[in-house]
Amino acid sequence: MSNTTMIDAGLEGRRIAVSHFGLSCLDFSTMLDFYTRVLGLTQSDAGAIESGGGTEIAFLTTDPREHHQLVLASNRRDRTIESTPVVGGSIGSNVFQVSFRVRDLDTLRRIDARLEAEGISARNAISHGNAWSLYCRDPEGNALEFFVDSPWYVAQPCAEPLDLARSDEEILEETRQYCFAQSEVLPYGEWVTRVASMITTDQAEL
């Protein structure tokens, strides 16, 4: 059974799910350009909220089943832009963190190259055991994570150095050795089954 099938089978009874998130922007056009041109999200809709002082809205998605997964809106009030490196779980004055799942390590490397081409030098690659992550900030200082799932689960939080210049095989083996040196390690599918049961229990009375 594939991971997707296990997730679908285990969560059929859920009554609430996380859907999308939104970011208020100081420079709406710059932010829209970053998330569409640089990161490749698709604009599915756009408009303005007249009752909100003409606030511009853009709806972005990577999934045709989801009208939007990210919403950008103009007229941000908080003027603070964070510029410190993102190490994973960084607490700032605006958005804590926006995370994107990507397909594979090669895609992660291509994103890293695109960010470098945009002049974003403060990038940080970390292995969490259960995922390989690349951290940075968007043009307005919001912390971003791009991650690839690993085949294993280990207790979080944990963070080990990740060298994206190494081959997929080297990264996989290094992560395997790290995971199996921890007190608890599970194959990803077993962890999915465990959490699916927890979610079903937690939502039983909704």
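An account of the accompanying structure is given in this report. (Residues numbered from 1 in each chain as written. Predicted model: local features only at pLDDT ≥ 70, side-chain atom pairs only at ≥ 80, totals over all residues. Heavy atoms only, no water.)

We now examine the side chain of S150. Relative to the helices and strands, S150 is located in the loop between strand 8 (143–149) and strand 9 (152–154). Here the side chain of S150 touches W152 through a polar contact of 3.1 Å, landing on its backbone nitrogen. Residues contacting S150, with those up to four places away along its chain left out, are G129, N130, A131, W132 and Y188. (Helix = DSSP H or I, 4+ residues; strand = E, 2+ residues; numbered from the N terminus. Polar contact = N/O pair within 3.5 Å; in protein donor to acceptor, adjacent residues only side chain to side chain. Contact = heavy atoms within 4.5 Å.)

For the rest of this paragraph, the subject is the sheet that holds strand 6 (residues 124–127). Ordered in space as 5-8-7-6-10, the five strands form an open sheet in which the pairing is mixed. Two strands bound the open sheet, and with one partner strand each, they are strand 5 (98–101) and strand 10 (160–161). As judged from the seven bridges shared by strand 7 (residues 131–137) and strand 8, these two strands associate in the antiparallel manner. The residue bridging A131 from the neighbouring strand is D149, located in strand 8. Helix 4 (residues 168–179) rests against strand 6, strand 7 and strand 10 of the sheet, and its axis sits at about 105 degrees to strand 7. (Pairing = 2+ DSSP bridges. Axes fitted to C-alpha atoms, helices over the stretch in contact; angles between N-to-C directions.)

Evaluation of the coordinates by the stated rule reveals 15 salt bridges. For the salt bridge of R76 with D78, the shortest nitrogen-to-oxygen distance reads 3.7 Å. Here R110 and D106 are joined by a salt bridge, their closest N and O atoms 2.4 Å apart. One end of the pair, R110, and the other, D106, are both in helix 3 (residues 105–117), four residues apart, so they sit about a helical turn from each other. Through salt bridges with shared partners, one network takes in D33, R37 and E118. (Salt bridge = Lys/Arg side-chain N within 4 Å of Asp/Glu carboxyl O.)

Walk down a regular strand and you will see the side chains alternate between the two sheet faces. As paired elements, strand 6 and strand 7 share four bridges and run antiparallel to each other. When the sheet's bridge partners are listed, N124 is paired in strand 7 with Y135. Taken together, strand 6 and the strand that follows it, strand 7, pair antiparallel across an intervening segment of three residues, in which G129 is found at a positive phi of about 80 degrees. Of the pairings in the sheet, the one linking strand 6 to strand 10 comprises two bridges and is antiparallel in character. Paired with S127 across the strands is E160, a residue of strand 10.

On the secondary structure map, E145 appears in strand 8. Although E145 lies buried, it forms no salt bridge, and the closest oppositely charged side chain, R101, sits 9.3 Å away as judged by the N-O distance. Looking at E145, its side chain comes within polar contact range of the side chain of Y135, at 3.2 Å. Apart from the residues within four sequence positions on either side, E145 is in contact with Q97, V98, S99, F100, H128, S133, L134 and Y135. (Buried < 20%, exposed > 50% of the residue type's maximum accessible area, 1.4 Å probe, protein only. Lys, Arg positive; Asp, Glu negative; His and termini not counted.)

Right, let's talk about helix 2 (residues 28–38) for a bit. Residues of helix 2 that are buried include every one of F28, M31, L32, F34, Y35 and V38, and no others. G40 lies just past helix 2 and shows a positive phi near 80 degrees.

Turning our attention to the pairing of strand 5. Residues V98 and F100 point to one face of strand 5 and are all buried, whereas S99 and R101, pointing to the other face, are not buried. Examined bridge by bridge, strand 5 and strand 8 share four bridges and lie parallel to one another. From the neighbouring strand, S99 faces strand 8, where its bridge partner is E145.

The next subject is the packing of aromatic side chains. Within the structure shown, the criterion is met by seven aromatic pairs. Geometrically, the ring pair formed by F21 and F100 is edge-to-face, given 6.3 Å between the ring centres and 70 degrees between the ring planes. Taken together, the residues span a long stretch of sequence, with F21 in strand 1 (residues 21–24) and F100 in strand 5 at a distance of 79 residues. Exposure remark for F21: the relative accessible area of 29% places this residue in the partly exposed category. Classification of F100 by relative accessible area gives buried; the value is 14%. Three or more aromatic residues joined by ring pairs make a cluster, and in this case those are F21, F34, Y35, F100 and F146. (Phe/Tyr/Trp six-rings, centres within 6.5 Å; stacked < 30°, edge-to-face > 60°.)

This paragraph deals with the nonpolar core. In terms of nonpolar packing, the biggest core is built from 32 residues, with Y35, L39, L72, L115, L144 and F146 touching the most fellow members. Among the secondary structure elements, those contributing two or more residues to this core are helix 2, strand 3 (55–61), strand 4 (70–73), strand 5, helix 3, strand 7 and strand 8. If you tally residues by element for this core, the top one is helix 2, at six residues. Not counting the four nearest positions on each side in its chain, Y35 is found in contact with L23, G40, L41, L60, L70, L72, F100, D138 and L144. Of all hydrophobic cores here, the second largest spans five residues; its members include W152, C158, Y178 and C179. (Core = buried A, V, L, I, M, F, W, Y, C linked by side-chain atoms within 4.5 Å.)

Honestly, that's just the spatial picture; any functional story needs more than this.
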